[in-house]
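Breakdown of the fold
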Amino acid sequence: MTTHPTTRRLVLTWLILIALTLVSMISARLDAGDHWLALPLWSALLVLISTGFKAHQVLMIYLNLRVSSPAWKGAFIGLALVILGLILSGYLAARANLLI
């Protein structure tokens, strides 16, 4: 038996993804002012956490991995975490380079 997400669940997830995108956009603009500077660490972490949650929702709801085997779930979530880790390390390296 395969269980597909209901229309209600899909729409609710879509609305949550929109809200998290708005949170990311607003947090990126909070300290911008008139200058283009690197995001503060708290803002970058907020964007990455929001992005991680959004990726999890897309994987579990839209790709319907919630009914797949733990190996598939682990592989996709692991890859998403690796990508987020690479983005964070790139941000930290660029930030350290700007401070020198």
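Residues numbered from 1 in each chain as written. Predicted model: local features only at pLDDT ≥ 70, side-chain atom pairs only at ≥ 80, totals over all residues. Heavy atoms only, no water.

Structural notes on the overall build of the chain
Defined as follows: In this text, helices come from DSSP runs of H or I with a minimum length of four residues, and strands from runs of E with a minimum of two, each type numbered from the N-terminal end. Three labels apply to residues, based on accessible area from a 1.4 Å probe with only protein chains included: buried if under 20% of the type maximum, exposed if over 50%, partly exposed otherwise in between. Throughout, a contact is declared for two residues whenever any of their heavy atoms are within 4.5 Å. Residue-level accessible areas treat just the shown protein chains as cover; the underlying method is Shrake-Rupley with a 1.4 Å probe.
On a plain count of helices and strands, the chain comes out with three helices and zero strands. For the chain, the α and β elements follow one another from N to C terminus as α-α-α. Taken across its 100 residues, the chain has 21% of its residues classed as buried. Within the chain, counting contacts between residues at least 6 apart in sequence, those at least 24 apart form 65% of the total. Carbon together with sulfur atoms contributes 75% to the accessible area of the chain, which is approximately 7200 Å² in total.

Some details on the side chain of Asn-64
With respect to the element layout, Asn-64 can be found in the loop between α2 (41-62) and α3 (70-99). Exposure remark for Asn-64: the relative accessible area of 15% places this residue in the buried category. Those residues in contact with Asn-64, other than ones at most four positions away along the chain, are Thr-3, His-4, Pro-5 and Leu-59.

What about the environment of Ser-50?
Note on placement: Ser-50 falls in helix α2. Judged by its relative accessible area of 4%, Ser-50 falls in the buried class. Once the C-alpha coordinates of Ser-50 and Val-23 are considered, the two residues, 27 residues apart in sequence, prove to be 7.9 Å apart. Ser-50 has contacts with Leu-20 and Ser-24, leaving out every residue within four places of it along the chain.

Focus on the confidence of the model for the chain
The condition is simple: Every residue is assigned a pLDDT by the predictor, reflecting its confidence on a scale from 0 to 100.
Counting all residues, the mean pLDDT for the chain is 85, and 84% of those residues have values of 70 or more. The least confident element of the chain is helix α1 (residues 7-29), whose mean pLDDT is 86; the most confident is α3, at 90.

Examining the side chain of Gln-57
Residue position: Gln-57 is located in helix α2. With sequence-adjacent residues up to four places away left out, Gln-57 is seen in contact with Thr-13, Leu-17 and Tyr-62.

Some thoughts on the environment of His-4
Mapped onto the elements of the fold, His-4 is located in the segment before α1. Each C-alpha atom, one on His-4 and one on Ile-61, is 8.7 Å from the other, the two residues being 57 residues apart in sequence. With sequence-adjacent residues up to four places away left out, His-4 is seen in contact with Asn-64 and Arg-66.

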